[in-house]
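Working through the structure, step by step
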Amino acid sequence: MRQGVRLAVDVGSVRIGVARSDPAGILATPLETVRAGRGDVARILALAAEYEALEIIVGLPTNLSGREGQAAASARAFARRLALKLPLGTVRLYDERLTTVTAASGLRAGGTKAKNQRGVIDQAAAAVLLQAALDSERLTGNPPGAPVKGKE
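Within every chain, residues take consecutive numbers counted from 1 along the sequence as written. Whole-chain, interface and lining totals are the exception, using all residues; otherwise, since this is a predicted model, local features are given only for residues with pLDDT of at least 70 and side-chain atom pairs are given and counted only at 80 or more. Side-chain numbers come from the whole structure's heavy atoms, not from hydrogens or water.

**Quick word on the pattern of salt bridges**
The salt bridge definition used is simple: a Lys or Arg side-chain nitrogen within 4 Å of an Asp or Glu carboxyl oxygen. Overall, the coordinates contain nine salt bridges when judged by the stated rule. For Glu137, the salt bridge is made with Arg2, and the minimal N-O distance between the two is 2.8 Å. Taken together, the residues span a long stretch of sequence, with Glu137 in helix α4 (residues 118-140) and Arg2 in the segment before β1 (6-11) at a distance of 135 residues. By relative accessible area, which is 2% here, Glu137 ends up buried. Helix numbers and strand numbers start at the N terminus; a helix is a DSSP run of H or I with at least 4 residues, a strand a run of E with at least 2. Each residue is assigned to one of three classes by its accessible area relative to the maximum for its type, calculated with a 1.4 Å probe on protein chains only: buried under 20%, partly exposed between the two thresholds, exposed over 50%.

As structure tokens, this is what we get:
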């Protein structure tokens, strides 16, 4: 397992959930919610610099059959915008099927009412995404997902 903090982003049309791992890459925790739009890439880059992130995992929303829709196209575009500002291989796309559903279930199980989830659901979804990516790397020994081309 590579050492270093990882960030994960769950890209939405209104909000972007951000999670981070510990330096050992064992545990993912929610970090913050960033408003989508002007300044979103700059904020994610600032968080990556602040935490000295090894990489940024961007969730790729696909449907259960694996097909991609408009949300996946938006996530790919966001990942590309990040990758253009970072060294090659720093940004990776990872399948995020059901992360929001899993996050909502976890919040409900923890006693958070549905009306109070809006502010944290995106962060929780990013944490679910990141934990899956960390677990994948631990099991396979390979970095999770696919690298996004940016600077060559």
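Moving on from the coordinates now.
**Section: the pairing of β1**
Among the six residues that make up β1, six are buried, leaving the element largely enclosed by the rest of the structure. Residue alternation in β1 divides its side chains into two sets, Arg6, Ala8 and Asp10 and Leu7, Val9 and Val11, and both sets are buried. Two elements, β1 and strand β4 (residues 55-60), share four bridges in a ladder whose sense is parallel. Bridging across to β4, Val9 finds its partner in Val58. In short, DSSP must find at least two bridges between two strands for them to pair. The pairing of β1 with strand β2 (residues 15-21) spans five bridges and is antiparallel. Each residue of the ladder has a partner; that of Asp10, found in β2, is Gly17. Hairpin connection from β1 to β2: three residues lie between these consecutive antiparallel strands.

**Section: the sheet that holds strand β3 (residues 28-35)**
A sheet is described by the order of its strands in space; here six strands give the open sequence β3-β2-β1-β4-β5-β6, paired in mixed fashion. Since the sheet does not close on itself, it has two edges, and those belong to β3 and β6 (146-147), each with one partner. Every residue pair with non-hydrogen atoms within 4.5 Å of one another is taken to be in contact. A fitted line through C-alpha atoms serves as each axis, taken over the contacting stretch for helices, and the angle formed by two N-to-C directions is quoted from 0 to 180°. Here helix α2 (residues 70-83) sits on the sheet in contact with β1, β2, β4 and β5 (91-95), set at roughly 165 degrees to β4.

**With respect to the side chain of Thr62**
Inspection of the secondary structure assignment puts Thr62 in the loop between β4 and α2. Assessed through its relative accessible area of 15%, Thr62 is described here as buried. Within polar-contact distance, the side chain of Thr62 engages the side chain of Asp95 at 3.3 Å. Any pair of N or O atoms that falls within 3.5 Å is considered a polar contact. Within protein, one atom must be able to donate a hydrogen and the other to accept it, and sequence-neighbouring residues count only if both atoms are side-chain atoms.

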